[in-house]
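# Chain and residue survey
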Amino acid sequence: MAKKTDTQPFDTAFKFLAEQDPEALLSLLGILPPQATIKLLPREVSVQALLPDQPYEITLGDEKFIAHIEAQTKYDGNMPERMLDYDTRLWIRYGLPIYSFVLVLTPRGMPAAPPDFVVIEAGGLRLTVKYTIVRIWQIPAAVALAAKREALLPFVPLMDGGEVELEQAIEELATIRDEVRRRELALHFVLLGGLRYDRNLIFDLLGRVQTMITVADLKDSSVFQFFFEEAEEKGLKKGLERGLEKGLEEGLEKGLEEGLEEGLGKGVEAMARVLRKEIANRFPGFEIGRNLNQVHNLDGLTQLCLDLDQLPDEAALQARLDALLSNGNALS
């Protein structure tokens, strides 16, 4: 049976949100009957540590059943086999009726008529598992906003709506009084929103409402590591592609060298843009000037972004910038 590893940041985001407000999530997906109670079940369902995204035990009067939600960034052709595996193990462990839902976050790769059941026959054994596919982009964002449940706000960018709904969700995020929770939800809003929108747009919208998160807030989160690795991978990939193109014309070694330099250069440009925004937020009156364009040290720019909230004043910032300018000619 195909297994799903728990390594993708989007899986981590869903599991975090699924634990925050089960009633809101189950109601949004049309799973929860009125007046039912919910019990969060452990995700581990066998000694092999097979981890479904989130099962819940739901009680309605004298009846109990399990609602199992499996979240996918995009449609996965192995999903029927995986659902069979998960639901069989859940039934063996709990012995309760199971209703399964596949929550697909983006329309990428979604076939026109994906299967919603799987049948396995092995001699005298016959297993049939049915599940419901929920396309989150078909659920109106207004439904999540009207629910007034803050744990649903990070899903809004993926739902049926546009920038108006994005701004409304961000305004709701800004009203959360608990600073830690506000930042946690905002980070997941950025992470999931990046599946559909340019993250620079999302950061700009967050800045307009003066919410909240900066690069410094990201540094202790798995989200930051994901952003960094994603940017690094894209930069190196672009560099290698460009290098191979030039390699055909000018020699492979020289082409790869120039291509990698170009890819890293784009990473420097992106980090410099982020740094300018962060400096404007931290020290609104500080004049950066054009000298920052002369810095080509990606590690140095990244570290300054991370250290910015610890700098006491503009003089300390200027000293760091001067140090970068004096040692910033090499790509790194």
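Keep in mind it's a predicted model, so treat the numbers as computed, not measured. (Residues numbered from 1 in each chain as written. Predicted model: local features only at pLDDT ≥ 70, side-chain atom pairs only at ≥ 80, totals over all residues. Heavy atoms only, no water.)

## Focus on helix H3 (residues 79–94)
Here H3 contains 16 residues, and its C-alpha end-to-end distance of 22 Å stays within 8% of the 22 Å for a straight helix at 1.5 Å per residue. One or two steps after H3, the chain reaches Gly95, where phi turns positive at roughly 65°. (Helix = DSSP H or I, 4+ residues; strand = E, 2+ residues; numbered from the N terminus. Expected span 1.5 Å × (residues − 1).)

## Observations concerning the side chain of Thr106
Locating Thr106 in the fold gives a position in the loop between strand S4 (98–104) and strand S5 (117–122). At a separation of 2.6 Å, a polar atom in the side chain of Thr106 contacts the main-chain carbonyl oxygen of Thr73. Discounting residues that sit within four places of it in the chain, Thr106 has contacts with Thr73, Lys74, Trp137 and Leu195. (Polar contact = N/O pair within 3.5 Å; in protein donor to acceptor, adjacent residues only side chain to side chain. Contact = heavy atoms within 4.5 Å.)

## Section: unusual backbone geometry
Most peptide bonds take the trans form, and the phi angle of most residues other than glycine is negative. Positive phi, close to 70°, is recorded for Gln35, a residue that is not glycine. Position of Gln35 relative to the elements: it lies in the loop between helix H2 (22–28) and strand S1 (37–40). Exposure remark for Gln35: the relative accessible area of 79% places this residue in the exposed category. We note that Lys148 has phi near 55°; this positive angle belongs to a residue other than glycine. (Buried < 20%, exposed > 50% of the residue type's maximum accessible area, 1.4 Å probe, protein only.)

## Notes on helix H6 (residues 179–193)
Across its 15 residues, H6 extends 20 Å between first and last C-alpha, which sits within 8% of the 21 Å expected from 1.5 Å per residue. Of all 15 residues in H6, 11 are buried; the element is thus mostly enclosed. Taken as a whole, H6 has its buried residues at Arg181, Arg182, Leu185, Ala186, Leu187, His188, Phe189, Val190, Leu191, Leu192 and Gly193. Between the side-chain oxygen of the N-cap and the backbone nitrogen of Arg181 there are 3.1 Å, and the N-cap of H6 in question is Asp178.

## Points about the confidence of the model for the protein
Predicted confidence across the protein gives a mean pLDDT of 77, with 72% of residues reaching 70 or more. By mean pLDDT, the top-scoring element of the protein is helix H4 (residues 141–147) (94), and the lowest-scoring one is helix H9 (residues 222–250) (50). With pLDDT under 50 throughout, residues 1–7 is counted as low confidence; its partners more than four residues away or in other chains account for 25 contacts. Note on residues 328–332: pLDDT is under 50 here. Beyond four places in sequence and across chains, it has 17 contacts. (pLDDT = per-residue confidence, 0-100.)

## Describing the sheet that holds strand S3 (residues 63–72)
Here six strands make up an open sheet; going across it, the order is S1-S2-S3-S4-S6-S5 and the pairing mixed. Edge strands, defined here as strands with exactly one partner in the open sheet, are S1 and S5. Along the sheet, successive strands turn relative to each other by an average axial angle of 25°, direction set aside. Where S1 and strand S2 (residues 54–60) come together, four bridges link them in antiparallel fashion. Counted as the bridge partner of Leu40 is Tyr56 from S2. Along the sheet, H3 makes contact with S2, S3, S4, S5 and strand S6 (125–135), crossing S3 at roughly 150°. (Pairing = 2+ DSSP bridges. Axes fitted to C-alpha atoms, helices over the stretch in contact; angles between N-to-C directions.)

## Section: the pairing of S5
Summarising the sheet, S5 and S6 pair through six bridges and their orientation is antiparallel. Looking at the pairing, Val119 lines up with Thr128 of S6.

## A look at the pattern of salt bridges
Applying the stated criterion to the full structure yields nine salt bridges. For Asp76, the salt bridge goes to Arg82, with nearest N and O atoms at 2.6 Å. Using a relative accessible area of 3% as the deciding quantity, one classes Arg82 as buried. We note a salt bridge from Glu121 to Arg126, for which the minimum N-O separation is 2.3 Å. (Salt bridge = Lys/Arg side-chain N within 4 Å of Asp/Glu carboxyl O.)

## What to know about the packing of aromatic side chains
Tallied over the full model, the rule gives two aromatic pairs. Centroid distance Phe65 to Tyr99: 5.4 Å. Interplanar angle 90°. Geometry classified as edge-to-face. Note that Phe65 is positioned in strand S3 and Tyr99 in strand S4, a separation of 34 residues in sequence. (Phe/Tyr/Trp six-rings, centres within 6.5 Å; stacked < 30°, edge-to-face > 60°.)

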